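Secondary and tertiary structure notes
Chain by chain, the residues run as shown.
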Amino acid sequence: MNSHNVRRSLVALCAIVLVCVAVPGCSTPEKRWYAQRASLTSFQQSVLDAHAAGVVDNETLVSMDVGVRAARRWLDAAKPFLPAGGDTFDAYIASTIAVLAELSPILTQPEAIP
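Residues numbered from 1 in each chain as written. Predicted model: local features only at pLDDT ≥ 70, side-chain atom pairs only at ≥ 80, totals over all residues. Heavy atoms only, no water.

**A short note on the overall build of the protein chain**
Definition in use: Here a strand is any run of E in DSSP of at least two residues, a helix any run of H or I of at least four, and the numbering for each starts at the N terminus. For the exposure calls, accessible area comes from a 1.4 Å probe over protein chains only, and a residue counts as buried if that area is under 20% of its type's maximum, exposed if over 50%, partly exposed in between. The contact criterion used throughout is that any non-hydrogen atoms of two residues lie within 4.5 Å. Reported accessibility uses the Shrake-Rupley method at a 1.4 Å probe radius. Residues are deemed covered only where the shown protein chains occlude them.
Check the secondary structure of the protein chain and you find four helices and zero strands. The order of α-helices and β-strands along the protein chain, N terminus first, is α-α-α-α. Burial status across the protein chain gives 34% buried among its 114 residues. Intrachain contacts of the protein chain at a sequence separation of at least 6 include 73% that bridge at least 24 residues. Of the accessible surface of the protein chain, which amounts to about 6,400 Å², a share of 59% is contributed by carbon and sulfur atoms.

**Quick notes on the nonpolar core**
Condition: What is meant by a nonpolar core is a set of buried Ala, Val, Leu, Ile, Met, Phe, Trp, Tyr and Cys residues, joined one to another through side-chain atoms within 4.5 Å.
Counting 21 residues, the largest nonpolar core has Trp33, Phe43, Ile93 and Leu107 as its most contacted members. Every element with two or more residues in this core is listed here: α2 (29–52), α3 (58–78) and α4 (87–108). Here this core takes seven residues from α4, the largest share from any one element. In contact with Trp33, not counting residues within four places along its chain, are Leu75, Ala78, Lys79, Leu82, Phe89 and Ile93.

**Description of unusual backbone geometry**
Pro83 follows Leu82 through a cis peptide bond whose omega is 5 degrees. Position of Pro83 relative to the elements: it lies in the loop between α3 and α4.

**A closer look at the pattern of salt bridges**
Applicable threshold: Salt bridges are defined by distance alone: a side-chain nitrogen of Lys or Arg within 4 Å of a carboxyl oxygen of Asp or Glu.
Applying the stated rule across the entire model yields two salt bridges. Of the charged contacts in the structure, one is a salt bridge between Asp90 and Arg32, with a shortest N-O distance of 3.0 Å. Linking Asp90 in helix α4 with Arg32 in helix α2, this pair joins segments that are 58 residues apart in sequence. Under the relative-accessibility criterion, Arg32 is labelled buried at 12%. Put simply, Arg69 and Asp65 hold a salt bridge, and the shortest N to O gap is 2.7 Å. In this pair, Arg69 and Asp65 are both assigned in helix α3, four residues apart and thus about one turn of the helix distant.

**Let's talk about the packing of α2 against α4**
Quick note on the threshold: Axis lines are fitted through C-alpha atoms, for helices just across the contact stretch, and the angle between N-to-C directions can take any value from 0 to 180 degrees. Each angle gets one of four labels, with under 35 degrees taken as roughly parallel, over 145 as roughly antiparallel, 65 to 115 as roughly perpendicular, and the rest as oblique. We call a crossing left-handed when the near helix sits turned anticlockwise from the far one by less than a right angle, and right-handed when that turn is clockwise. Throughout this entry, Asp, Glu, Lys and Arg are counted as charged residues, while Ala, Val, Leu, Ile, Met, Phe, Trp, Tyr, Cys and Pro are counted as nonpolar. The remaining residues, Gly among them, count as polar.
The geometry of α2 relative to α4 is characterised by a closest axis approach of 11 Å and an angle of 25 degrees between their N-to-C directions. As far as their axial angle goes, α4 and α2 are roughly parallel. Classified by chirality, the crossing of α4 by α2 is left-handed. Along its contact with α2, which presents Pro29, Arg32, Trp33, Gln36, Leu40, Phe43, Val47 and Ala50, the element α4 presents Phe89, Asp90, Ile93, Thr96, Ile97, Leu100, Leu103, Ser104 and Leu107. Taken together, the residues of the contact of α2 with α4 break down into twelve nonpolar, three polar and two charged.

Okay, here's the thing in structure tokens:
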């Protein structure tokens, strides 16, 4: 896969991740948690794929891993509030979304493509 195709795939993934998890009123807390977990896992795999394709350098990979781990901790902190959800659950999910929203543009910056 060439770097242009990797970039297009990353842009699409970032948009899907943010749209799928940013609409809290559409489903139950459990469905939101599982959707967020799937999105985070897909995002993490996309980062690894981008690194393997040479789109993301080692330094960026390490810095993004720190963010992905932080998002995973927020997601893990939200799990004990299932199935009911609540304000604390919503805050943890919002924190996870915020981390992904902050990291997503890094993958799609034109200067990141060799």
